[in-house]
Amino acid sequence: MKKALKAGATDAEAVISEGDEFSVLVRLGQVETLTESGSRAIGLRVFNGQRVASTSSSDLSKDSIEQLVSGAMALAKITSEDPFAGLPGAGEFGKLEGDLALSFDDVYTLSGEERIALARRAEEAALAADTRIQNSDGGSFDAGTGHKVMVNSRGFSGEYRRSSCSISVMPIAQNATGSMQRDYWYSSARTLKLLDTPENIGKEAARRTLRRLGARRVPTQKASIVFSKEMARGIMGNIFEAANGDSIYRSASFFTGMLGERVAGENVTVIDDGTLIFEKDGIRYGGYGTTPYDSEGLKSRRTVVIEKGILKNYLLNTYTGRKLGMPSTGNGSRGLAGNPGIGSGNFFLEAGTQTPREIIADVKTGLYVTETMGFGVNLVTGDYSQGASGIWIENGVFTHPVEEITIAGNLKEMYKNIVAIGNDLVFRSSAASPTIRIEGMTIAGS
């Protein structure tokens, strides 16, 4: 940063990150792939007035740093001026203080053989669950740690460490007619102590796979659709994309110009919160979207995007905020190179009061969605169309698995037609949703 200022930059920002990653895939008891790597790299963003450029390098030698600076400055001199470019104001910077419980040392305490054994145990449990499971796409164990430091010429400096680990397995089941199905399950955490056992993961993956056997299409119709919490997370993810400041200032979202307007039912409250800290079994841990500050050095915060159906806030970084004449919401996100984009903290739909079983029991005829396929979402119009599979519901009871269908609707209506929200909100990533039930969608089948 100091070298960039000395070279003539009016402002500069430098980020360095380092980390370790481990991944092993075991298939039918044998190690199929094993990857272990470490990385370290630096990124530099410089400003020449309202011209901006960025460079990055994994070579941290003195000569490489000199080239990094000179390259960035050369680029900044030839880029076009942008009246909205620039670092946040000096008074905007900040960070959460105290231990956010983002990093745990035990993630890298296991030997290679112990990590392989965890993946193998998960697969063995799935294969042992039922004679119809004789094959799999493998069991896996993954672990990673990271360390990130950022400084800028307006007085901000910050750093944090993070860790994660996971176990997963994907069994393949076959019935008497030769029909085959696959599904998966996993557990992820910041510390080994909070991972589910490989045996539980394998059994759950087997259960999810077996319930898909004998799947068939259903007639085209309109019916109640219940999205499992894993699938509802994607529906809520579309709210994040629609409220993304980049989409808003380009008028590429059906939320454009809708602040203060009703965009969902009164039971819908959607929140982005980069400050969440949880506790389980006496262990404190930060959420996957929890950080002390965003990628521009602004303090992480809680932002209510939709409150009881009313659109309250867009999600902004400094650049999109300036474009829209609004302050940043602390959602700046970037890698080592390039300008900041917009990322989420812990993004979620607030839980309701009904259990998933109570929601399903109230459905006369409908579909419980366990998988969606494709990219059929138009954020400009709100049109939604996805391939899907799941389980058919008759009179509140699961009857048979369903596949090779399409579910369709319009997000603008779907969010207003969420008639039930479950109490099963669980964060398995930085985005989460409980089970939801939506009326008025079309199922296109046979």
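Note that the coordinates shown come from a computational prediction; the quantities given were computed from them, not determined experimentally.

Draft legend 1. Inspection of the packing of aromatic side chains at higher detail. The final tally for this structure, using the stated rule, is 14 aromatic pairs. Taking 6.4 Å as the distance between ring centres and 55 degrees as the angle between the ring planes, the aromatic pair formed by Phe22 and Phe141 counts as tilted. Highlighted residues: Phe22 in strand β1 (residues 11-27) and Phe141 in strand β4 (residues 133-152), separated in sequence by 119 residues. The pair Phe22 / Phe141 is uniform in exposure class, with both members buried. Judged by centre distance (6.3 Å) and plane angle (80 degrees), the ring pair of Phe84 and Tyr319 falls under edge-to-face. Residue Phe84 is found in the loop between α2 (62-78) and α3 (112-128), and its partner Tyr319 is found in helix α7 (residues 318-324); the two are separated by 235 residues along the sequence. Phe84 sits in the partly exposed class, given a relative accessible area of 26%. On the basis of relative accessible area, Tyr319 is assigned to the partly exposed category, the value being 25%. Lying across the ring of Tyr108, Arg115 places its NZ or CZ 4.7 Å from the centre. If you follow Arg428 out to its NZ or CZ, it ends over the ring of Tyr186, 4.4 Å from the centre.

Draft legend 2. Region of interest: the sheet that holds strand β13 (residues 310-311). With respect to topology, five strands assemble into an open sheet ordered β13-β12-β9-β16-β21, the strand pairing being mixed. A single partner strand is all that each edge strand has here, and the edge strands are β13 and β21 (431-432). Here strand β16 (residues 346-349) pairs with β21 via two bridges, running parallel. Along β21, the bridge assignment pairs Phe347 with Ala431.

Draft legend 3. Representation of the nonpolar core within the structure. Core analysis: the biggest nonpolar cluster contains 46 residues, and Phe227, Phe255, Ile407 and Ile436 have the highest contact counts within it. With near-sequence residues (within four places) excluded, Phe227 lies in contact with Ala232, Ile235, Val369, Tyr384, Ile407, Thr435, Ile436, Ile438 and Met441. In this structure, Ala101, Leu118, Cys165 and Ile283 belong to the second largest nonpolar core, which totals 25 residues.

Draft legend 4. Region of interest: the packing of α3 against helix α4 (residues 198-210). Following both chains from N to C, one finds α3 and α4 inclined at 40 degrees, their axes separated by 7 Å at the closest point. By the criterion of interaxial angle, the relationship of α3 to α4 is oblique. Relative to α4, α3 is oriented so that their crossing is right-handed. Between α3 and α4, the residues in contact are Leu118, Arg121, Ala122, Ala125 and Ala126 and Pro198, Glu199, Gly202, Lys203 and Ala206, respectively. Classifying every residue of the contact of α3 with α4 by side-chain character gives six nonpolar, one polar and three charged.

Draft legend 5. Summary view of α4. When the terminal C-alpha atoms of α4 are compared, their 18 Å separation across 13 residues agrees well with the 18 Å that a helix rising 1.5 Å per residue should span. The set of residues buried in α4 consists of Pro198, Ile201, Gly202, Glu204, Ala205, Ala206, Arg208, Thr209 and Leu210. On its buried face, α4 is in contact with α3, β4, β5 (157-174), β6 (180-182), β7 (185-189) and α5 (229-243).

Conventions adopted
Residues numbered from 1 in each chain as written. Predicted model: local features only at pLDDT ≥ 70, side-chain atom pairs only at ≥ 80, totals over all residues. Heavy atoms only, no water. Phe/Tyr/Trp six-rings, centres within 6.5 Å; stacked < 30°, edge-to-face > 60°. Helix = DSSP H or I, 4+ residues; strand = E, 2+ residues; numbered from the N terminus. Buried < 20%, exposed > 50% of the residue type's maximum accessible area, 1.4 Å probe, protein only. Lys NZ or Arg CZ within 6 Å of the ring centre and 35° of its normal. Pairing = 2+ DSSP bridges. Core = buried A, V, L, I, M, F, W, Y, C linked by side-chain atoms within 4.5 Å. Contact = heavy atoms within 4.5 Å. Axes fitted to C-alpha atoms, helices over the stretch in contact; angles between N-to-C directions. Parallel < 35°, antiparallel > 145°, perpendicular 65-115°, else oblique. Left-handed = near helix turned anticlockwise from the far one by under 90°. Nonpolar A, V, L, I, M, F, W, Y, C, P; charged D, E, K, R; others polar. Expected span 1.5 Å × (residues − 1).

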